[in-house]
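Descriptive analysis of the structure
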Amino acid sequence: MAIGPNGDIYVANANNNEIIRYAGPKNTTSLGTFVSIFVSSGSGGLSLPQVPRFGSDGDLYVTGFLSDTLPRYEGPNSGSPGTFIGNFTTFSGGSGPLGLAQITASTSVAANTLTVGDWFFGLYYDNDVQRHDSDGTFIQEFSSFSSPIGIACGPDGDIYVVDGGANRITRHFATNL
């Protein structure tokens, strides 16, 4: 789930391979009511969508459980909301099913506030976290995890990773990134 730049709520529906838009907190009279299908089934190869996130550009990026790409869609304030733009990045070298680098079903996509535009992705089957720049280019990999299932960026720029297989949360200092 993500709150969009327009204040609405965007939810990944893996059963129907779509992103659904609901009235957000700014709309107090109809909070949570269905607005529209924001990204329709299969658009841009959307398959088993898991975690929608809006970038600083206002566009929507969606992780997919059985996908080695990160599709990008025009944001709600654009001229063609929900339209597939292209893949932000492709993950490679994976050990997941089909040999793909799989983004985990529940891993959040985090943007680092100190290194503006950098994105962090948890690769569940590879047991690592990858860092990519604002263009989707691979920068580095952190490989000391056992099923990373959540990522967040703190206000200090540090990256926090929920390591589900090890039952721990690790902190990666912004000064060391």
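Our subject is the structure that appears above.
Turning our attention to the overall build of the protein chain. Scanning the protein chain from terminus to terminus reveals zero helices and 15 strands. Residues counted as buried form 47% of the 177 residues belonging to the protein chain. Counting contacts in the protein chain only where the partners sit at least 6 residues apart, residues at least 24 apart contribute 35% of the total. Per element, the accessible surface of the protein chain, about 8000 Å² overall, is 51% carbon and sulfur.

This next bit is on the sheet that holds strand E1 (residues 2–3). As summarised here, the arrangement of the four strands in space is E1-E2-E3-E4, forming an open sheet in which the pairing is antiparallel. Where the open sheet ends on each side, the last strands, each with one partner, are E1 and strand E4 (34–39). With two bridges joining them, E1 and strand E2 (residues 9–13) adopt antiparallel strand pairing. Across the sheet, the residue bridging to Ile3 is Ile9, located in E2.

Moving on, we get to the pattern of salt bridges. Counting across every chain of the model gives five salt bridges. With a shortest N-O distance of 2.8 Å, Asp158 and Arg171 are connected by a salt bridge. One end of the pair, Asp158, is in the loop between strand E13 (148–153) and strand E14 (159–163); the other, Arg171, is in strand E15 (residues 168–172), and 13 residues separate them in sequence. Overlapping salt bridges bring together Asp57, Asp59 and Arg72 as one network.

The next point concerns the pairing of E2. For E2, the buried fraction is high: four of the five residues fall into the buried class. What sits between the antiparallel neighbours E1 and E2 is a turn of five residues, in which Gly7 has the positive phi angle 90°. For E2 and strand E3 (residues 18–22), the ladder comprises five bridges, and the chain directions are antiparallel. If you follow Tyr10 over to E3, its bridge partner there is Arg21. Between E2 and E3, which pair antiparallel one after the other, the connecting turn spans four residues, and Asn17 there sits at a positive phi close to 55°.

Among the secondary structure elements, His172 is positioned in strand E15. Exposure remark for His172: the relative accessible area of 16% places this residue in the buried category.

Attention now moves to the nonpolar core. Of all hydrophobic cores here, the largest spans eleven residues; its members are Ala2, Tyr10, Ala12, Ile19, Phe38, Val39, Leu46, Phe54, Leu60, Val62 and Tyr73. Of all the secondary structure elements, the ones that give two or more residues to this core are E2, E4 and strand E6 (60–64). Ranked by size, the runner-up nonpolar core spans seven residues in total, among them Val129, Phe142, Phe145 and Val161.

Attention shifts here to the packing of aromatic side chains. Any two aromatic rings considered together are summarised by their centre-to-centre distance and by the angle between their planes. Inspection of every chain in the model, using the stated rule, returns five aromatic pairs. With centroids separated by 6.3 Å and ring planes inclined at 80°, the aromatic side chains of Tyr22 and Phe34 adopt a geometry described as edge-to-face. You can see Tyr22 sitting in strand E3 and its partner Phe34 sitting in strand E4, a full twelve residues away along the chain. Aromatic ring contacts, followed pair by pair, group Tyr10, Phe38 and Phe54 into a single cluster.

Time to look at the sheet that holds E15. A sheet is described by the order of its strands in space; here three strands give the open sequence E13-E14-E15, paired in antiparallel fashion. Since the sheet does not close on itself, it has two edges, and those belong to E13 and E15, each with one partner. Each adjacent strand pair in this sheet contributes to an overall mean axis angle of 20°, direction not counted. Judged from the five bridges that link them, E13 and E14 form a sheet pairing that is antiparallel. By the bridge assignment, Gly150 is partnered in E14 with Val162.

Calculation criteria
- Note on numbering: residues in each chain are counted from 1, in written sequence order.
- Local features in this predicted model are restricted to residues whose pLDDT is 70 or higher, and side-chain atom pairs enter the listing and the counts only when it is 80 or higher, whereas totals over whole chains, interfaces and linings include all residues.
- The side-chain figures draw on all heavy atoms in the structure; neither hydrogens nor water molecules are used.
- Comment: elements are numbered from the N terminus, with helices defined as DSSP H or I runs of at least four residues and strands as E runs of at least two.
- Throughout this description, buried means an accessible area under 20% of the type-specific maximum (1.4 Å probe, protein chains only), exposed means over 50%, and partly exposed covers the range between.
- Whether two residues are in contact is decided by their heavy atoms: any pair within 4.5 Å suffices.
- Surface accessibility follows the Shrake-Rupley procedure with a 1.4 Å probe radius. Residue values consider only the protein chains on display as shielding.
- Strand pairing is defined by DSSP finding a minimum of two bridges between the two strands.
- Throughout this description, the term salt bridge denotes a Lys or Arg side-chain nitrogen within 4 Å of a carboxyl oxygen of Asp or Glu.
- Throughout this description, the term nonpolar core refers to a set of buried Ala, Val, Leu, Ile, Met, Phe, Trp, Tyr and Cys residues connected via side-chain atoms within 4.5 Å.
- Working definition: rings of Phe, Tyr and Trp (its six-membered ring) pair if their centres are within 6.5 Å, and the pair is stacked with planes under 30 degrees apart, edge-to-face with planes over 60 apart, and tilted otherwise.
- Here an axis means a line fitted to C-alpha atoms, over the contact stretch when the element is a helix, while the angle between two N-to-C directions is reported on a 0 to 180 degree scale.

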